[in-house]
Amino acid sequence: MKKKLLFLGPPGAGKGTQANLFCKKYGLDHLSTGDLLRDEVSSGSVLGLKAEEVMNKGELVSDELVLSIVEGRLENINEGWLLDGFPRNVNQANSLKSLLEKINQPLEAVVLIKCADDYLIKRLLERGRQDDNQQVIKNRLEIYREKTSPLIALYKKEGILEEIEGNADIDVVFSCIEKSLG
Ligand code: B4P
């Protein structure tokens, strides 16, 4: 089983849901930039307040802030890990590459969880987080297409991309991911 992983996909595809299950079962370190940013927001720090404003609009938080959060964690990471929601643009992907070279732990697989917009919108509206409303979801989907989806071609070219259909029951998606990494 591959154990240096990245989960990629549009908002609501189930990256966080699947990453939680996967890390629990296989004992991997779970690094979710969404969760780390929400922790920063809850702490009430100045950076957190800035991040909250951006997240509530459905935009990407600055690379500088995200990288500062990720960098320290990657330096202390174990041998098995899963990146969830990071990188989200080409600049973050390039920075990740350098960070992983520094710790000599190259990515083994990128799991792309695909899902049609109709399902994504329905799921996110049902989840009802602060950044889950019609207008913000539309914005997040546009930003995904513009900034994050170019990463698909990049990882395909590296030969490490696994494409999974995310429009199925959670346990079905999970076993498809397991099979693709086995
Ligand atoms: P994230 O926290 O990464 O969350 P997400 O993309 O919205 O959701 P995810 O795909 O993880 O869906 P989930 O499993 O929860 O990002 C939030 C914000 O943080 C971003 O908009 C951005 O502002 C900021 N951010 C994060 N990382 C950043 C970065 N690197 N750079 C800059 N900004 C960054 O599933 C969604 C719902 O669907 C849940 O309710 C779940 O129960 C349900 N669900 C999941 N799988 C299902 C299935 N198979 N069937 C039915 N329902 C399912």
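Scroll up to find the structure this text is about.
Residues numbered from 1 in each chain as written. Predicted model: local features only at pLDDT ≥ 70, side-chain atom pairs only at ≥ 80, totals over all residues. Heavy atoms only, no water.

K.L.:
Explain the pattern of salt bridges here, please?
P.N.:
Two side chains that carry opposite charge are able to pair once their charged atoms sit near each other. The full count for this structure, using the stated rule, is 15 salt bridges. A salt bridge links Arg127 to Asp132, with the nearest nitrogen and oxygen atoms 2.8 Å apart. On the accessibility criterion, Asp132 (6% relative accessible area) is buried. Ionic pairing is found between Lys147 and Glu146, a salt bridge with its closest N-O pair at 4.0 Å. By relative accessible area, Lys147 is classed as partly exposed at 37%. Of the residues examined, Glu146 reaches a relative accessible area of 56% and is grouped as exposed. A network of salt bridges, in which partner residues are shared, links Arg127, Arg129, Asp131, Asp132 and Arg140. (Salt bridge = Lys/Arg side-chain N within 4 Å of Asp/Glu carboxyl O. Buried < 20%, exposed > 50% of the residue type's maximum accessible area, 1.4 Å probe, protein only.)

K.L.:
So what exactly am I meant to see when it comes to the site of the ligand here?
P.N.:
The immediate surroundings of the ligand are formed by 30 residues, with Thr17, Glu59, Arg127, Arg140 and Ala168 found nearest. Gly12 is positioned with one of its backbone polar atoms (N or O) 3.3 Å from an oxygen atom of the ligand. Contact between the ligand and Ala168: a nitrogen atom at 2.7 Å from a main-chain N or O atom of the residue. When the ligand is considered free in solution it has 1000 Å² of accessible area, and contact with the protein chains removes 86% of it. Contributions of two or more residues to the shell around the ligand are made by helix H1 (15–26), helix H2 (33–43) and helix H6 (117–127). (Near = heavy atom within 4 Å. Polar contact = N/O pair within 3.5 Å; in protein donor to acceptor, adjacent residues only side chain to side chain. Areas by Shrake-Rupley, 256 points an atom, 1.4 Å probe, with all protein chains shown as cover. Helix = DSSP H or I, 4+ residues; strand = E, 2+ residues; numbered from the N terminus.)

K.L.:
Looking at this structure, how should I read the side chain of Thr33?
P.N.:
In this structure, Thr33 sits in helix H2. The exposure class assigned to Thr33 is buried, which follows from its relative accessible area of 6%. Aside from chain neighbours lying at most four places away, what touches Thr33 is Val66, Val70, Asp84, Gly85, Phe86 and Arg88. (Contact = heavy atoms within 4.5 Å.)

K.L.:
What is the right way to look at the packing of aromatic side chains in this model?
P.N.:
In this description, an aromatic ring pair is defined by two values, namely the gap between the centres and the angle between the planes. Summed over all chains, the structure comprises 3 aromatic pairs. Between Phe7 and Phe22 the ring centres are 6.1 Å apart and the planes differ by 65°, which places this aromatic pair in the edge-to-face class. One end of the pair, Phe7, is in strand E1 (residues 4–8); the other, Phe22, is in helix H1, and 15 residues separate them in sequence. Each member of the pair, Phe7 as well as Phe22, carries the same accessibility label: buried. Relative to Tyr26, the ring of Phe22 lies with its centre 4.8 Å away and its plane at 40°, an arrangement referred to as tilted. (Phe/Tyr/Trp six-rings, centres within 6.5 Å; stacked < 30°, edge-to-face > 60°.)

No statement about biological role is implied by the geometric values presented.
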